[in-house]
Amino acid sequence: MPVGHVYFKRLADGYAVVDTGVPGSAIAVLDALTQLDAGPEDLRQIVLTHSHIDHAGAAADLVAVTGARVFAGVLDAPVIRGDVPEPTPAYTPAEDELHRRITEGWAKADSPPLKYVPVDVELHDGDSLDGWGEPVHVVHVPGHTLGSIALHLPGSALLFPGDIIATAEGRAILGPFNIDRDHAVASFRRLVDLDPEIVCVPHGDPITSDASAVLRAATPESDWL
């Protein structure tokens, strides 16, 4: 996607998608479905790891075309629905510069505006998702946003961390633009303790082998300072 990744998971009766990309990304998501020999009617679940525009931006358009159900963390659901404003992150100086460059690029791209979308299922820490063919545990990982969630598939040793974890220059790092840096670091450490072997990060290259060692070598406390 123009900003970050979208991941598909095959279900018993179709597909789930983890995050949706920025506004205007629905066409690309639907095109990816065709490459999986599936159509719009086969998208059953849209799981949003958090409320930011580069993750929830295409959800409304996808729902309009597919009828898929939207899942999101209970504390981010009001933002995704448009009931409350998005909290402003507390930028470090390094993050402030990165945000400036991203904002300038966004303006040049002339992206369509965000559309809010109803949340069908509000997820809590410890919840499970049905239909994925194996256990899927919802992990509340606050700090990036109030209601950020990760998805842990222990049978596959697979983790969808949301923006708590990113990768850059061959290593795992704390995702930038957090509303509470200390909580974000604590959430990062909680995900490390899950010992995943594959981590599908939204930004950067996915960690496809020996992810547990890569995460344990990370130093999120010093990232972006």
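Structure: see above.
Residues numbered from 1 in each chain as written. Predicted model: local features only at pLDDT ≥ 70, side-chain atom pairs only at ≥ 80, totals over all residues. Heavy atoms only, no water.

**Concerning the sheet that holds strand E11 (residues 198-199)**
Okay, step 1: Spatial ordering of the open sheet is given by E6-E7-E8-E11, a layout of four strands whose pairing is mixed. Of all the strands in the sheet, the pair left with one neighbour each is strand E6 (137-140) and E11.
Okay, step 2: With three bridges connecting them, strand E7 (residues 149-153) and strand E8 (residues 158-160) associate as antiparallel partners. Along E8, the bridge assignment pairs His152 with Leu159. (Pairing = 2+ DSSP bridges. Helix = DSSP H or I, 4+ residues; strand = E, 2+ residues; numbered from the N terminus.)

**A short note on unusual backbone geometry**
Okay, step 1: Unlike most non-glycine residues, Asp19 shows phi in positive territory, near 70 degrees.
Okay, step 2: When you line up the elements, Asp19 lands in the loop between strand E2 (14-18) and helix H1 (26-35).
Okay, step 3: With phi around 55 degrees, Glu169 is a residue other than glycine that occupies positive phi space.
Okay, step 4: Inspection of the secondary structure assignment puts Glu169 in the loop between strand E9 (165-168) and strand E10 (171-174).
Okay, step 5: Its relative accessible area of 81% is what places Glu169 among the exposed residues. (Buried < 20%, exposed > 50% of the residue type's maximum accessible area, 1.4 Å probe, protein only.)

**Observations regarding the pattern of salt bridges**
Okay, step 1: What the rule picks out here adds up to twelve salt bridges.
Okay, step 2: Between Glu122 and Arg81 there is a salt bridge whose closest N-O contact spans 2.7 Å. Taken as a pair, Glu122 in strand E5 (residues 121-123) and Arg81 in helix H4 (residues 77-81) lie far apart in primary sequence, 41 residues in all.
Okay, step 3: The class for Glu122 is partly exposed, based on a relative accessible area of 32%.
Okay, step 4: In this structure Arg81 comes out as partly exposed when scored by relative accessible area, which is 28%.
Okay, step 5: For Arg100, the salt bridge is made with Glu97, and the minimal N-O distance between the two is 2.5 Å. Residue Arg100 and its partner Glu97 are located together in helix H5 (residues 93-109), separated by three residues, close to a single helical turn.
Okay, step 6: A relative accessible area of 38% places Arg100 in the partly exposed class.
Okay, step 7: When salt bridges with common partners are traced through the structure, they connect Glu97, Arg100, Arg101 and Glu104 into a single cluster. (Salt bridge = Lys/Arg side-chain N within 4 Å of Asp/Glu carboxyl O.)

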